[in-house]
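# Structural features, examined
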Amino acid sequence: MVRQLRAEATRAAALRAAADLFLEVGHANATLSQVSAQSGVTKGALYFHFASKEELARAIVDEGHDRVSTACAGLVDSRSPALESVIGISYSVLELAASDPLVRVMYRLQMEIDGSDTARGSVFGTWGNIFEHLFERAIEHGDVADHLDAGNAALLVCEMLAGVLMVSEAQSRLEDAPSRMEKVWNTVLPSLVPADKLAYFREFAARSLSSFVRESITSASVTV
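An unreviewed UniProt entry lists the protein under the name ScbR family autoregulator-binding transcription factor, from Rhodococcus cerastii.

This is the structure in structure tokens:
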């Protein structure tokens, strides 16, 4: 048991160091020797867990995918309107990119390596599956337009999320990504929901963001 815990701690330290290094110099420029030096993990221990830099990168993608999936699952509440879950998830996955270096690197690596070869697959595919299921439920409950196609709506939200993520990171303003997403929701909601429910979901998007930002600030203060 002690040996297993030590191995898990070694692997976690290597993943954290690799994530920081990939953010600093880029995946292409980083070396396993640098990861070893930055993490304090010997080269032998590092190669025991990861035979190559590509294997290490895929492990980061899988770990980041798991963290995003956990965050998404925690926001899917069958007692609440499904569209509320879609909106909440959109804020959560963007906040994770800003607050968790490993998740941020995971998004980058999904663009650089073939995410379909990782154990968990592509995080974008996970988003699509979750959103499609939620839109199917939203259609059933009448919270979105009855002519809406769940698959197309899920694709739209995935593209919105990816776009906000890429633009925010390009401008080095990832912390503003959830607020940017709220503006996108304000614009897109009229094409998704019936007119009599538009005001409610716009208010929900604004109110959820306000609460979300307060919680993020509180968490950051506690961490510091």
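Right, picking up where we left off after that structure.
Here we come to the side chain of K53. Among the structural elements, K53 can be located in helix α4 (residues 53-73). Here K53 sits buried without a salt bridge, and the closest side chain of opposite charge, E54, lies 5.2 Å off (N-O distance). Ignoring anything within four residues of it in the chain, the contact list for K53 reads F22, H27, A28, N29, A30 and L32.

Between helix α5 (residues 82-99) and helix α7 (residues 123-140), whose axes approach to 8 Å, the crossing angle comes to 155°. With respect to α7, the element α5 is oriented roughly antiparallel. Contacts between α5 and α7 involve A82, L83, S85, V86, I89 and V93 from the first element and W127, I130, F131, L134, F135, R137 and A138 from the second.

This part covers the pattern of salt bridges. As enumerated under the stated definition, the model contains eight salt bridges in all. The residue R108 makes a salt bridge to E169 at a minimum N-O spacing of 2.5 Å. Here R108 is found in helix α6 (residues 101-112), whereas its partner E169 is found in helix α8 (residues 150-170), with 61 residues between them in sequence. Judged by relative accessible area, which is 26%, R108 ranks as partly exposed. A residue is classified by how much of its surface remains accessible, and E169, at 17% relative accessible area, is buried. Residues joined in a network through salt bridges with shared partners are E63, R67 and D100.

Next up on the list: the nonpolar core. One finds V68, Y107, F131, F135 and W185 to be the most contacted residues of the largest nonpolar core, which totals 67 residues. The element best represented in this core is α5, accounting for 10 residues.

Time to look at the packing of α7 against α8. Running from N to C, α7 and α8 cross one another at 135°; their axes reach a closest spacing of 8 Å. As judged from the angle between their axes, α7 and α8 are oblique. Every pair of crossing elements has a handedness; the one defined by α7 and α8 is right-handed. Where α7 approaches α8, its residues F124, W127, G128, F131, E132, F135, E136 and I139 are matched on the opposing element by A150, G151, A153, A154, V157, C158, L161 and A162. A per-class count over the contact of α7 with α8 returns 12 nonpolar, two polar and two charged.

To continue, consider the side chain of D100. Looking at where D100 falls in the secondary structure, it is placed in the loop between α5 and α6. Of the polar contacts made by the side chain of D100, one reaches the side chain of R67; its length is 2.8 Å.

UniProt feature "DNA-binding region" (unreviewed entry): in the numbering of this structure it lies at residues 31-50. Secondary structure content for residues 31-50 is 75% helix and 0% strand, and the end C-alpha separation is 12 Å.

With the rule as written, the count across this model stands at three aromatic pairs. Aromatic side chains Y107 and W127 sit 5.8 Å apart centroid to centroid with 55° between the ring planes, which places their arrangement in the tilted category. Placement of Y107 in helix α6 and of W127 in helix α7 is noted, with a sequence separation of 20 residues between them. The residues Y107 and W127 share a single accessibility class, namely buried.

Scoring rules and cut-offs
- Residues numbered from 1 in each chain as written.
- Predicted model: local features only at pLDDT ≥ 70, side-chain atom pairs only at ≥ 80, totals over all residues.
- Heavy atoms only, no water.
- Helix = DSSP H or I, 4+ residues; strand = E, 2+ residues; numbered from the N terminus.
- Buried < 20%, exposed > 50% of the residue type's maximum accessible area, 1.4 Å probe, protein only.
- Lys, Arg positive; Asp, Glu negative; His and termini not counted.
- Salt bridge = Lys/Arg side-chain N within 4 Å of Asp/Glu carboxyl O.
- Contact = heavy atoms within 4.5 Å.
- Axes fitted to C-alpha atoms, helices over the stretch in contact; angles between N-to-C directions.
- Parallel < 35°, antiparallel > 145°, perpendicular 65-115°, else oblique.
- Core = buried A, V, L, I, M, F, W, Y, C linked by side-chain atoms within 4.5 Å.
- Left-handed = near helix turned anticlockwise from the far one by under 90°.
- Nonpolar A, V, L, I, M, F, W, Y, C, P; charged D, E, K, R; others polar.
- Polar contact = N/O pair within 3.5 Å; in protein donor to acceptor, adjacent residues only side chain to side chain.
- UniProt positions renumbered as here; feature names shortened; annotations may be inferred.
- Phe/Tyr/Trp six-rings, centres within 6.5 Å; stacked < 30°, edge-to-face > 60°.

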